[in-house]
Amino acid sequence: YRSQRTRSAGVAPLSRTLLVMLVEDYDYPLPESAIAQEAIVQRDQAKLLDTTVMQDRTFFDLPSLLNAGDLVVVNETRVRSARLIGTRTTGGTTEVLLTRRIDHERWQALIKPAKKVASGSLIQAEGIDITLVTNPVDGVATVTCVAADDGDIEAAIDAIGIMPLPPYFHGTLVDPSRYQTMFAATVGSAAAPTAALHFTPEVVSSLVDRGVSIAKVDLQVGLDTFRPMDQGSDGLAAVEDHRIHSEWVKVPQATVDAVVRTRSGGGKVVAIGTTVVRSLESASVGDGLIGTYDGETDLFILPGYEPRVVDALVTNFHAPRTTLLVLIASLIGDRWRQVYEHALQHDYRFLSFGDAMYIEVER
C-alpha cells in the first residue's frame with residue numbers, strides 16, 4: 001500500500017519499518033460553513049467539478065462529459081422513514097432508529113437512550129410494538145417490530161416514521177422527498193445514495209439522447225457510511241485496521257447484460273456514487289464484467305486496489321477520515337487533495353446535500 005508517512009513497528013531496538021496507510025493521511029480541514037445545510041432548489045444546478053481538466057460546471061452538464069455507448073449505473077434504493085419515537089412500558093420516551101432489516105420480524109436498530117432499556121424491553125410507537133431481543137451494545141440492539149393490527153410492517157413504519165437525516169445536517173428539510181433520488185424504488189436504506197440526488201428527468205433525457213444507457217443496482221445504505229475511521233489512542237491508526245460496515249447488495253441480470261454491451265462497444269462504466277462502486281466491484285467476475293449478486297458485501301476499497309469494473313465515478317465531496325474518502329483516493333491517488341482544495345477554494349458545497357465531482361479512474 002502507498003502512504004505519505006511511515007510508522008515503525010516492534011520494540012527497541014527497532015527491527016523493521018512497515019509502510020502503512022494512516023487514518024490521518026486522509027484528513028483535511030473542512031469548515032462548518034462548507035457543509036451544505038439545505039438542498040439546492042433545482043437539483044441539476046448543483047456544481048459539478050470535472051476533475052479530468054479541473055473545470056467547474058453544473059450537474060446539468062454531465063451528459064456532455066460522456067459518450068455514446070457509455071453506461072451510467074445508479075442505486076435505486078429508497079430511504080426508509082426509519083426513526084420511530086415510542087414510549088417504554090416503564091415510562092419515558094425512546095427513539096428507535098431501524099438501520100437494517102434482518103428477517104421478517106428482526107431488525108438492527110440504534111436505541112436512544114440505550115441505558116434505559118435491556119433485552120425484553122417493550123417500546124410502543126403508534127401502532128408498532130418494538131421488543132428488544134438483545135441488550136444494546138454501543139447503542140445498537142436487535143429488535144422485533146410487529147404492527148399492532150398484524151398489518152404490513154413496512155406500511156406501518158412509513159406511516160409513522162421520520163426520515164433519518166445525516167448527523168452533520170442541522171438545517172430543515174421542508175420536503176422529505178428531497179432526500180430521495182428520482183430512481184428511488186426499493187425501500188431499505190438508512191441514508192440516501194447522495195450522488196444521484198442531482199439527477200432530474202431532463203438530465204436523464206439528455207443522457208439517453210446522447211446514446212448513454214442507464215442501469216440499476218440496489219445497495220441498502222447503512223448509517224455506518226457516516227462513521228469516521230478510528231484514529232487510535234496514539235493517533236496513528238492504520239486504515240487497513242478499520243472494520244468496514246457490511247451492506248446488502250443486489251445486482252440484477254439486466255445490469256450484467258448492460259455491462260456486457262458496454263464492454264463490447266468500448267464504452268465506459270460510470271458509477272453514480274460510492275455505493276454503486278461497491279456494488280459493481282463486489283459483483284466482478286473478471287475481464288471488466290460482472291455477475292448477478294444478491295447478498296452482503298464488506299468490500300473495503302483501499303489505495304492499491306485495482307478497479308475491475310468501474311471506469312468513472314460521479315460522487316459528492318466526503319467528510320475527512322472516512323472510508324468514502326479512502327475510496328476516492330484509491331481511484332485517483334494523491335490527487336484527491338488537489339481536487340478537494342479546489343472545491344474548498346471555489347465555494348463548493350460539501351457532504352450529502354452538497355455539490356458533486358466527476359472523476360475517471362487512473363489505472
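Refer to the structure printed above.
Described below are features of the structure shown in this document. This structure is a prediction, so every number in the text was calculated from the model and none was measured.

**Description of the layout of surface pockets**
The gaps left among the atoms become clear once a water-sized probe is rolled over them.
Line of reasoning, step 1. Reported here for the largest pocket is a volume of approximately 1100 Å³.
Line of reasoning, step 2. Lining the largest pocket are 31 residues; nearest its centre among them are Thr-99, Gln-108, Val-140, Leu-223 and Asp-224.
Line of reasoning, step 3. Looking at the lining of the largest pocket residue by residue, the class counts come to 14 nonpolar, 7 polar and 10 charged.

**Here we look at empty space enclosed by the protein**
Line of reasoning, step 1. On inspection of all chains with the given rule, the structure shows 3 cavities of 30 Å³ or more.
Line of reasoning, step 2. In this structure, the largest cavity encloses a volume near 100 Å³.
Line of reasoning, step 3. Taken together, 13 residues make up the lining of the largest cavity; nearest its centre are His-245, Arg-278, Thr-323, Leu-324 and Leu-327.
Line of reasoning, step 4. At the level of secondary structure, the elements contributing two or more residues to the lining of the largest cavity comprise helix H4 (274-282) and helix H5 (323-332).
Line of reasoning, step 5. Looking at side-chain class alone, the lining of the largest cavity contains 6 nonpolar, 5 polar and 2 charged residues.

**A short note on the nonpolar core**
Line of reasoning, step 1. Ranked by size, the top nonpolar core spans 66 residues in total, and within it Tyr-179, Val-239, Leu-280, Phe-317, Trp-336, Tyr-340 and Phe-350 carry the most contacts.
Line of reasoning, step 2. Among the elements that line this core, the one with the most residues is H5, at 7 residues.

**Re the sheet that holds strand S4 (residues 55-58)**
Line of reasoning, step 1. The sheet built from 9 strands is open, its strands ordered S4-S3-S21-S20-S16-S5-S14-S15-S19 with mixed pairing. Bordering the open sheet on either side are S4 and strand S19 (293-297), each of which pairs with just one other strand. Each neighbouring strand pair of the sheet contributes to a mean axis angle of 25°, computed without reference to strand direction.
Line of reasoning, step 2. Summarising the sheet, strand S16 (residues 269-272) and strand S20 (residues 312-316) pair through 3 bridges and their orientation is parallel. Note that in S20 the partner of Val-270 across the bridge is Ala-312.
Line of reasoning, step 3. Most of the contacts of H4 go to strand S14 (residues 213-219), to which it runs at about 85°, and overall it touches strand S5 (71-75), S14, strand S15 (247-251), S16, S19 and S20.
Line of reasoning, step 4. Packing against the sheet, H5 makes contact with S20 and strand S21 (356-360), and its axis sits at approximately 35° to S21.

**Side note on the packing of H5 against helix H6 (residues 336-345)**
Line of reasoning, step 1. At a minimum axis distance of 9 Å, the contact between H5 and H6 shows a crossing angle of 120°. The angle between H5 and H6 places the two elements in the oblique class. On H6, the residues touching Leu-325, Ile-328, Ala-329 and Ile-332 of H5 are Trp-336, Val-339 and Tyr-340.
Line of reasoning, step 2. Class assignment of the residues belonging to the contact of H5 with H6 gives a composition of 7 nonpolar, no polar and no charged.

**With respect to the pattern of salt bridges**
Line of reasoning, step 1. Using the criterion set out here, one finds 10 salt bridges in the structure.
Line of reasoning, step 2. The shortest N-O distance in the salt bridge between Arg-83 and Glu-95 comes to 3.0 Å. Taken together, the residues Arg-83 in strand S7 (residues 83-88) and Glu-95 in strand S8 (residues 93-101) connect sequence positions 12 residues apart.
Line of reasoning, step 3. The closest approach of N and O atoms between Arg-335 and Glu-362, which form a salt bridge, is 2.9 Å. In this pair, Arg-335 is assigned in the loop between H5 and H6 and Glu-362 in the segment after S21, connecting sequence segments 27 residues apart.
Line of reasoning, step 4. Note on Arg-335: relative accessible area 21%, which makes it partly exposed.
Line of reasoning, step 5. A residue is classified by how much of its surface remains accessible, and Glu-362, at 42% relative accessible area, is partly exposed.
Line of reasoning, step 6. Within the structure, one salt-bridge network assembled from shared partners comprises Arg-80, Arg-101 and Glu-154.

**Digging into the packing of aromatic side chains**
Centre-to-centre distance and the angle between the planes together describe a pair of aromatic rings.
Line of reasoning, step 1. Counted by the stated rule, this structure contains 13 aromatic pairs.
Line of reasoning, step 2. Ring centres of Phe-317 and Tyr-340 lie 5.4 Å apart, and the angle between their planes is 80°; this geometry places the pair in the edge-to-face category. Of this pair, Phe-317 sits in the loop between S20 and H5 while Tyr-340 is found in helix H6, placing the two residues 23 residues apart along the sequence. Comparing Phe-317 with Tyr-340 shows no difference in burial state: the two are buried.
Line of reasoning, step 3. Geometrically, the ring pair formed by Phe-317 and Tyr-348 is edge-to-face, given 5.6 Å between the ring centres and 65° between the ring planes.

**Some words on H5**
Line of reasoning, step 1. With respect to burial, H5 is a largely interior element, 10 of its 10 residues being buried.
Line of reasoning, step 2. Buried within H5 we find Thr-323, Leu-324, Leu-325, Val-326, Leu-327, Ile-328, Ala-329, Ser-330, Leu-331 and Ile-332.
Line of reasoning, step 3. On its buried face, H5 is in contact with H4, S20, H6 and S21.
Line of reasoning, step 4. Where H5 ends, the next residue or the one after it, Gly-333, has phi of about 70°, a positive value.

Conventions used here
- For every chain, the first residue of the written sequence is number 1, and numbering continues from 1 along that sequence.
- pLDDT decides what is reported in this predicted model: residues at 70 or higher carry local features, side-chain atom pairs at 80 or more are listed and counted, and totals for whole chains, interfaces and linings draw on all residues regardless.
- Where side-chain values are given, they derive from all heavy atoms of the structure, hydrogens and water being excluded.
- Using protein atoms alone on a 1 Å grid, points that fit a 1.4 Å probe yet trap it form a cavity, whereas open point sets bounded by protein on both sides within 12 Å along at least five of seven lines form a pocket; residues with an atom within 4 Å of a point count as lining.
- Grid points are joined across faces, edges and corners, and a volume is the space filled by probe spheres set on the points.
- Charged residues are taken to be Asp, Glu, Lys and Arg, nonpolar residues to be Ala, Val, Leu, Ile, Met, Phe, Trp, Tyr, Cys and Pro, and polar residues to be all remaining types, Gly included.
- Helix and strand definitions here come from DSSP, where helices need a minimum of 4 consecutive H or I residues and strands a minimum of 2 consecutive E residues; each element is numbered from the N-terminal end.
- The definition of a nonpolar core used throughout is a set of buried Ala, Val, Leu, Ile, Met, Phe, Trp, Tyr and Cys residues joined through side-chain atoms within 4.5 Å.
- Only protein chains enter the area calculation, which uses a 1.4 Å probe; residues under 20% of their type maximum are buried, those over 50% are exposed, and those in between are partly exposed.
- Whether two strands pair comes down to DSSP finding at least two bridges between them.
- Only C-alpha atoms enter the line fits that serve as axes; for helices the fit covers just the stretch in contact. Angles between N-to-C directions range over 0 to 180 degrees.
- In what follows, a contact means two residues having at least one pair of non-hydrogen atoms within 4.5 Å.
- Relative orientations are named as follows: roughly parallel for angles under 35 degrees, roughly antiparallel for angles over 145 degrees, roughly perpendicular for angles from 65 to 115 degrees, and oblique for any other angle.
- Counted as salt bridges are all cases of a side-chain nitrogen of Lys or Arg within 4 Å of a carboxyl oxygen of Asp or Glu.
- For Phe, Tyr and Trp, rings pair up if their centres lie within 6.5 Å, where Trp contributes its six-membered ring, and each pair is then called stacked (planes under 30 degrees apart), edge-to-face (over 60) or tilted (otherwise).

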